[in-house]
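# Structural overview for review
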Amino acid sequence: MENNTKEKINKSKYILYVIFIIYILLLIKIVLFKYYSLSQIIKGDVSLSIRSANLIPFKTVADFMEMKDTNLLRAFSNIFGNIGIFMPLGYFLPALFKKFNKLTRVIAVSVALSMFFECTQYFYYLGALDIDDLILNSIGAIIGYFIYYLIQKFITDESKVKKVSILLSVVAFAVAFTIAREEFGNILGLTTHEVMTIGDENIPKSEPNINGTYLSMEENKLKVYKGIVYEDSQEKEFLEPATVEIGNETDIYFTNIEESKNESTITYEKLSKEELLKIEQYSTIKVWNDEKNPSLAKVIVLSKKIEGSGSFYVMESNSNKVINGTIEKVSDKGMVINLVFTQKLENGTSMSTSGIGEHSNLLNIEFKNNTKFKVIKAKSNGDLIETKEGGKEELAVEDSVQLK
């Protein structure tokens, strides 16, 4: 009888070991590999445009609580998710390893593991370093420890404790999976985002001749910027203005986008010239020229105005400023870059942002005979490998550039 009891305990413990290993693997996936695969990280094929750190306790939590239009599930996912994700750690450690029957040891492991995750995210551009995450993770581990402590206090039979632990693990995984799928399914690869288009039969599949910002219309001529820009942005002086001529054969469309968590519907609504006059200034615009008459627009697609929150970068006259960006197109005569703007945060750190796709802030750069080029090779963590003089032939699409 005693042997049977020990055998049941051992089987339950082995099952808990397996569940614990699965938990650790999922933890690593959710925290470190939610955006990139391991191979992408090793190759350095990650975005270097966002890097931020928060060292002020509870600042991120306070900022999130002040956000408007926040639903309860998203609040739970972002604030309590950091607590819940470390609760199993605080539970499994004392349940599987006797030396972790003291709370201080559980806290030490949770702090060390959380610090490892935060530093790895920051130095390898996998996410933000945030002291709030460390605090919330530690709180989660403490809660997990006390749950195990209470179960042991009320259930003295060790085999029953193991069975209850397995049952709680299954319930916890089910709840976590449901929340993760609902809120972060696309990021974690649990769901796919479907895009459906209506009325796009006559929209060219080729790249537009102009991808920019609509300004005004006068006598069948549109004034635009070659590049996406906010109304209150200071980057307007960087962008090249252009005039688009429209004729009787020009097809004009306006896109309406309806979005849900897992689906987007893009509807192309045809407009008349009279309706075009009602389009809001600083709406985004795409223009495809007529092949036979390049000065005339064949198809125009307008989209909703992008609301900006101010400029992160200001260019002053007669001063040596720096422009950062990524190369979109390059030729012998020049290149087109997508501007990257740096925003200084209150805690002294900075965050770089850039537009994607239709929201790109494009700037045309012309090379001169005396333009100098310097090539800097670096790892994804910022460590320099090599710096040398170079030439325009070494420029490539998606390279990061700094202009002086």
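The structure displayed is predicted, hence computed values, not measured ones.

### Here we look at helix H7 (residues 131-154)
End to end, H7 covers 35 Å across 24 residues, agreeing with the expected 34 Å (1.5 Å per residue, within 8%). The N-cap of H7, judged by a side-chain oxygen 2.9 Å from the amide nitrogen of Asp132 a few residues on, is Asp130.

### Structural notes on unusual backbone geometry
Glycine aside, a negative phi is what most residues show, and trans is what most peptide bonds show. Phi is positive for Glu219, close to 50 degrees, though the residue is something other than glycine. By the element assignment, Glu219 lies in the loop between strand S4 (210-218) and strand S5 (221-226). For Tyr282, which is not glycine, the phi dihedral falls at a positive 75 degrees. Mapped onto the secondary structure, Tyr282 falls in the loop between helix H9 (273-276) and strand S8 (283-289).

### A short note on the environment of Gly390
With respect to the element layout, Gly390 can be found in strand S15 (residues 384-390). Under the relative-accessibility criterion, Gly390 is labelled partly exposed at 28%. Between the C-alpha atom of Gly390 and that of Val375, which follows or precedes it by 15 residues, the distance is 5.6 Å. Discounting chain neighbours no more than four positions away, the residues touching Gly390 are Phe373, Lys374 and Val375.

### Some thoughts on the pairing of S5
Inspection of the sheet shows S4 paired to S5 by 5 bridges, in the antiparallel sense. If you follow Glu218 over to S5, its bridge partner there is Lys221. The antiparallel hairpin formed by S4 and S5 contains 2 residues in its connecting segment, where Glu219 sits at a positive phi of about 50 degrees. Where S5 and strand S6 (residues 240-259) come together, 6 bridges link them in antiparallel fashion. The residue of S6 that forms the bridge with Lys221 is Glu245.

Reading guide: rules and limits
- Residues numbered from 1 in each chain as written.
- Predicted model: local features only at pLDDT ≥ 70, side-chain atom pairs only at ≥ 80, totals over all residues.
- Heavy atoms only, no water.
- Helix = DSSP H or I, 4+ residues; strand = E, 2+ residues; numbered from the N terminus.
- Expected span 1.5 Å × (residues − 1).
- Polar contact = N/O pair within 3.5 Å; in protein donor to acceptor, adjacent residues only side chain to side chain.
- Buried < 20%, exposed > 50% of the residue type's maximum accessible area, 1.4 Å probe, protein only.
- Contact = heavy atoms within 4.5 Å.
- Pairing = 2+ DSSP bridges.

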